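# Remarks on the overall topology
Single-letter residue listing:
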Amino acid sequence: MVMALPMASARHKQNVVPRIIYVPHDNRPISNQQTAEVVQKLGYEVIVPPDKLLGNRQDLGHPDELWAWLKENARDADAAVVSSDSLIYGSLVGSRKHSYTKEQILARTENFKSFRKENPKLPLYVFGSIMRTPRSGAASGHEEPEYYRSYGADIFRYTVLKDKEEVEGLTRRETKEAAFLEELIPRKHMQDWLGRRDKNYSANQQLIKLTRGKLFNYLVLGRDDNAPYSRTHMESRHLDEEGKDLGKTEFQTMAGIDEMGMLLMSRAVNNLRKDVPFVYVRYNWGRGPATVPAYSDERISASVSSAITAGGGMPVTSPANADLVLTVNTNPNGKTYEANDRANDGRPREGTAYFADIVQEYVGKGYPVGIADIAYANGADNALMEELKKRGLLFKIKAYSGWNTPTNSSGFVIGAGMLTKYMKDADVDELLLTRYLDDWGYQANVRNIVARQLTWLRGDGFYGSLDAKREAVGLRSTRLMEQFVQENLPPFKSLEDINVTFPWNRMFESDIQRGERKDFRYFMNTAAEKTKKTAK
């Protein structure tokens, strides 16, 4: 069970159950309990802060209280995986909207020094973010300052030009455009946005210095939503330069952020076990590894390689001895679409059957297969899932993810997939079920249906702020999820009782609650045997 302790634990380490302290960067289900759940399936004790200390969209978090909680609860831990955003700003959203001074921020960063003195032998893994650069106010999800709704697209374009100016220079027309945007965007808004970024950059510089001083066992800084040219990309290049003397087993910057907790939890487990999992990667045909997915500034092959390293694994060139055979569902044309796109209707597309053949071949050879489903962002590829269901492969693979940005999905499945070799089959099935309900059932299907029906419901509220519609949306989503389960999944006992809620008061993510369940791998094997006999 995932535990949230208010302050000091009365438990003393008895060297029986490994204990990991985990401070996520907010209280979203994927950041918090779904990440902790993976490690809990190993029989580990995962200790997380009380929910009231973690940030959300409205409450930006409580960094000083989190520091106190961490120091009190670290005494009996075998490892700690912590978000620097939570400990410095209160949360990931807090890092974008806070009003702390630079002195306050750097003082909290310095807390790591005293923490290390108090816990000299505790393995400490830290993940933080390089502030994102959303393409527009709509793309920001109301998680940027209010002015970003009006000037977000202009700010993004301005940073594209300034980054490009450093890398390759601007044309005369682009130089004029940059000058025009400087005049267009109100100076006070630009100063506020760049000022907060300067604080974030300074804190990240300090974290790199602390890594150099051996305070951390590992530091990763994630590039939240960004693009090949953007302020996020620019700052990442400069931070890479700051830490160029550190090896990738000590420090990395990476595309993405929401998957970092899972990757470092995996690294903590692998280091405790003194194990280095081998990962073999296979892409769909077409652009495959050269795909630059949406919300990223680099090829997916680079992101996958970085994620394997961050999780404590090693890439290998043959699937035969791999602990995880990662198959990556990219579109042959190298493009990423949104899961709510009309084309994501379940009908086979170019590359669907080919990719399913790859999965079926590896499963048939007994390889431990994981799927990074990134043909669409923010939800599963319905055509692929239909193919996996038809071929009876849904519960023959080891890991799956297709929930948010492509790098979120690929990183999460790498972190979770590397740990499945330590798990019982029933626990692997349960983790797959969590992802199928969220990524496939809700994100790729139910979310889109209910979003189109919002105007039918009484009361004020919209997609990004449900308000008076929140309860009705939960009831409607629950009914549709029940229908999805009946049509697509085996009769898991826990699926008799599903409840969908919206902890962040928006439809972008949900919390899908379910109860205890049986081991249905036996059910799947029995059903497969009956199918074979019927065919004969």
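Procedures and definitions
Residues numbered from 1 in each chain as written. Predicted model: local features only at pLDDT ≥ 70, side-chain atom pairs only at ≥ 80, totals over all residues. Heavy atoms only, no water. Phe/Tyr/Trp six-rings, centres within 6.5 Å; stacked < 30°, edge-to-face > 60°. Helix = DSSP H or I, 4+ residues; strand = E, 2+ residues; numbered from the N terminus. Buried < 20%, exposed > 50% of the residue type's maximum accessible area, 1.4 Å probe, protein only. Axes fitted to C-alpha atoms, helices over the stretch in contact; angles between N-to-C directions. Parallel < 35°, antiparallel > 145°, perpendicular 65-115°, else oblique. Left-handed = near helix turned anticlockwise from the far one by under 90°. Contact = heavy atoms within 4.5 Å. Nonpolar A, V, L, I, M, F, W, Y, C, P; charged D, E, K, R; others polar. pLDDT = per-residue confidence, 0-100. Patch = residues over 30% accessible without salt bridge, like charges linked within 9 Å, V, L, I, M, F, W, Y side chains within 5 Å. Areas by Shrake-Rupley, 256 points an atom, 1.4 Å probe, with all protein chains shown as cover. Salt bridge = Lys/Arg side-chain N within 4 Å of Asp/Glu carboxyl O. Polar contact = N/O pair within 3.5 Å; in protein donor to acceptor, adjacent residues only side chain to side chain. Pairing = 2+ DSSP bridges.

### Brief notes about the packing of aromatic side chains
- For the coordinates displayed, the defined rule picks out 14 aromatic pairs.
- When the ring of Y436 is compared with that of W440, the centres are 6.2 Å apart and the planes differ by 85°; the resulting orientation is edge-to-face. Here Y436 and its partner W440 are both found in helix α15 (residues 425-453), four residues apart, which amounts to about one turn of the helix.
- Overall, W440 belongs to the buried group, its relative accessible area being 1%.
- Look at Y442 and F502: their rings are 6.0 Å apart centre to centre, the planes differ by 55°, and that puts the pair in the tilted class. Here F502 lies in the loop between β15 (499-501) and β16 (511-513) and Y442 lies in helix α15, a separation of 60 residues in the sequence. The exposure classification of Y442 matches that of F502, with both residues buried.
- The rings of F395, Y400, Y436, W440, F484 and F492 are connected pair by pair, giving a single aromatic cluster.

### Structural notes on the packing of helix α12 (residues 352-364) against helix α13 (residues 382-390)
- α13 packs onto α12 with a crossing angle of 45° between their chain directions and a minimal axis gap of 10 Å. On the basis of the axis angle, α12 is oblique to α13. Like other packed secondary-structure pairs, α12 and α13 cross with a definite hand, here right-handed. Of the residues in α13, those in contact with T352, F355, A356 and V359 of α12 are A383, L384, E387 and L388.
- Looking at the contact of α12 with α13 residue by residue, the classes come out as six nonpolar, one polar and one charged.

### A few points about the environment of Q40
- The residue Q40 is located in helix α1 (residues 33-40) in this model.
- With a relative accessible area of 23%, Q40 lands in the partly exposed category.
- Here the alpha-carbon distance between Q40 and R19, two residues 21 residues apart in the chain, equals 9.8 Å.

### Focus: the confidence of the model for the protein
- With 93% of its residues at a pLDDT of at least 70, the protein reaches an overall mean of 92.
- Within the model, pLDDT remains below 50 along residues 5-13, and this stretch shows 25 contacts once partners closer than five positions in the same chain are excluded.
- Every residue in residues 517-536 scores below 50 in pLDDT, and together they form 24 contacts with partners more than four places removed in sequence or on other chains.

### Considerations on a nonpolar patch on the surface
- The grouping of V276, F278 and M314 at the surface amounts to a nonpolar patch, some 240 Å² of accessible area in total.
- Here F278 shows up in strand β8 (residues 278-283).

### Concerning the side chain of H98
- Examined against the element boundaries, H98 turns out to sit in the loop between α4 (92-97) and α5 (102-118).
- Of the polar contacts made by the side chain of H98, one reaches the backbone nitrogen of Y100; its length is 3.0 Å.
- Leaving out residues up to four positions away in the same chain, H98 has contacts with L60, Y89, I105, R196 and K199.

### Section: the sheet that holds β8
- Spatially, β9-β8-β10-β12-β14 is the arrangement adopted by the five strands of the open sheet, whose pairing is parallel. Whereas interior strands pair on both sides, the edge strands pair on one side only; in this sheet they are β9 (314-315) and β14 (399-401).
- For strand β10 (residues 324-329) and strand β12 (residues 369-373), the ladder comprises five bridges, and the chain directions are parallel. Along β12, the bridge assignment pairs V328 with A372.
- Of the strands in this sheet, β10, β12 and β14 touch α13, which is tilted by about 155° from β12.
- Helix-sheet contacts for helix α14 (residues 406-417) involve β10, β12 and β14, and the interaxial angle to β14 is about 160°.

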